[in-house]
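Topology and contacts: notes
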Amino acid sequence: MSKPAVETFTGTEDLVEAAAARFVAQVVEAQRLRGSASVVLTGGGTGIGLLEVVRRAPGEIDWSRIDIYWGDERFLPADDPERNDLQARRALLDHVPVDPSRVHPVATSDGEYPDPVEAAAEYSAAVHAHLTEHDSFDLHLLGMGGEGHVNSLFPHTDAVREEHELVVAVTDSPKPPPVRVTLTLPAVHRARHVLLVVSGAAKAAAVAAALNGASPLEIPSAGAVGAESTTWLLDEAAAADLPR
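Within an unreviewed UniProt entry, the label attached to the protein reads 6-phosphogluconolactonase, and the organism entered is Nocardia otitidiscaviarum. Checking UniProt for the protein, the heading Catalytic activity (unreviewed entry) contains the comment "6-phospho-D-glucono-1,5-lactone + H2O = 6-phospho-D-gluconate + H(+)". Per UniProt, the protein has the following entry under Pathway (unreviewed entry): "Carbohydrate degradation; pentose phosphate pathway; D-ribulose 5-phosphate from D-glucose 6-phosphate (oxidative stage): step 2/3."

Here's what the structure looks like:
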């Protein structure tokens, strides 16, 4: 596993621009080296914001040769605006020539798999199929909550304790909505590159704890480590508790 690197930016706008540039660069490099790229998206303000920047300047990405997954999903109806996949489609995917067969959302609560455990199993099958063929994801994007959660892996929960399964259902999330489907830390570790994009003073303590060796059970983001690189992109407020 890689050692974390930290890059700090003056404000959120600069942070999001840098994250979008890193997204494009990693995808282009993966396509150059392996012919295609696989990306795990995240939700939240910065996660969706960087997709909007990519939409404006998609660079050299060949959108026909990219697989799209999500790190977690709120288990809601297909048209619920809180779903990460709907937000990502509106921000980026509906505006670029991505191959629909290579976009892999989590099932909706009003779809073919109305039980979250069944939805997690269906998504797990898609994830395993990809990793069987390609071994790794190329890039896993992550935001982070104020208590240190990534994906839907919250402190001291069964999901963050999971050591084997790549996908699990969450039925008691401390942050609404309570029902979710999430990739686990073992799945995060199957990414070549992990990029954590974090902004805001409310997250500074968790950032510092994660980078100072906290247990992933206490601060889940501490366990978000890529095989080749792990990069924290922070604005100055989120980096406030780090040594200067």
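Brief notes about the overall build of the protein
Each helix and strand in the protein was counted, giving 7 helices and 9 strands. A compact globule built from 244 residues would reach a C-alpha radius of gyration of about 18 Å, and the protein, at 17 Å, matches this within 12%. In terms of principal-axis extent, the alpha carbons of the protein reach across some 50 × 40 × 30 Å. Looking at the 244 residues of the protein, the share that counts as buried comes to 55%. Contacts in the protein between residues at least 24 apart in sequence constitute 75% of all its contacts with a sequence separation of at least 6. Of the roughly 10,300 Å² of accessible surface on the protein, a fraction of 50% belongs to carbon and sulfur atoms.

Considerations on the pairing of strand S3 (residues 66-70)
When a strand is regular, its side chains alternate between the sheet's two faces. With respect to burial, S3 is a largely interior element, 5 of its 5 residues being buried. Along S3, one buried face is formed by Ile 66, Ile 68 and Trp 70 and the opposite face, lined by Asp 67 and Tyr 69, is buried too. When strand S2 (residues 37-41) meets S3, the two strands line up parallel, connected through 5 bridges. Bridge pairing links Val 39 to Ile 68 in S3.

Examining unusual backbone geometry
The omega angle of the peptide bond from Pro 176 to Pro 177 is -5 degrees, so this bond is cis rather than trans. With respect to the secondary-structure elements, Pro 177 resides in the loop between strand S6 (167-170) and strand S7 (180-183).

Calculation notes
- Residues numbered from 1 in each chain as written.
- Predicted model: local features only at pLDDT ≥ 70, side-chain atom pairs only at ≥ 80, totals over all residues.
- Heavy atoms only, no water.
- UniProt positions renumbered as here; feature names shortened; annotations may be inferred.
- Helix = DSSP H or I, 4+ residues; strand = E, 2+ residues; numbered from the N terminus.
- Rg over C-alpha atoms; globule rule 2.2 N^0.38 Å.
- Buried < 20%, exposed > 50% of the residue type's maximum accessible area, 1.4 Å probe, protein only.
- Contact = heavy atoms within 4.5 Å.
- Areas by Shrake-Rupley, 256 points an atom, 1.4 Å probe, with all protein chains shown as cover.
- Pairing = 2+ DSSP bridges.

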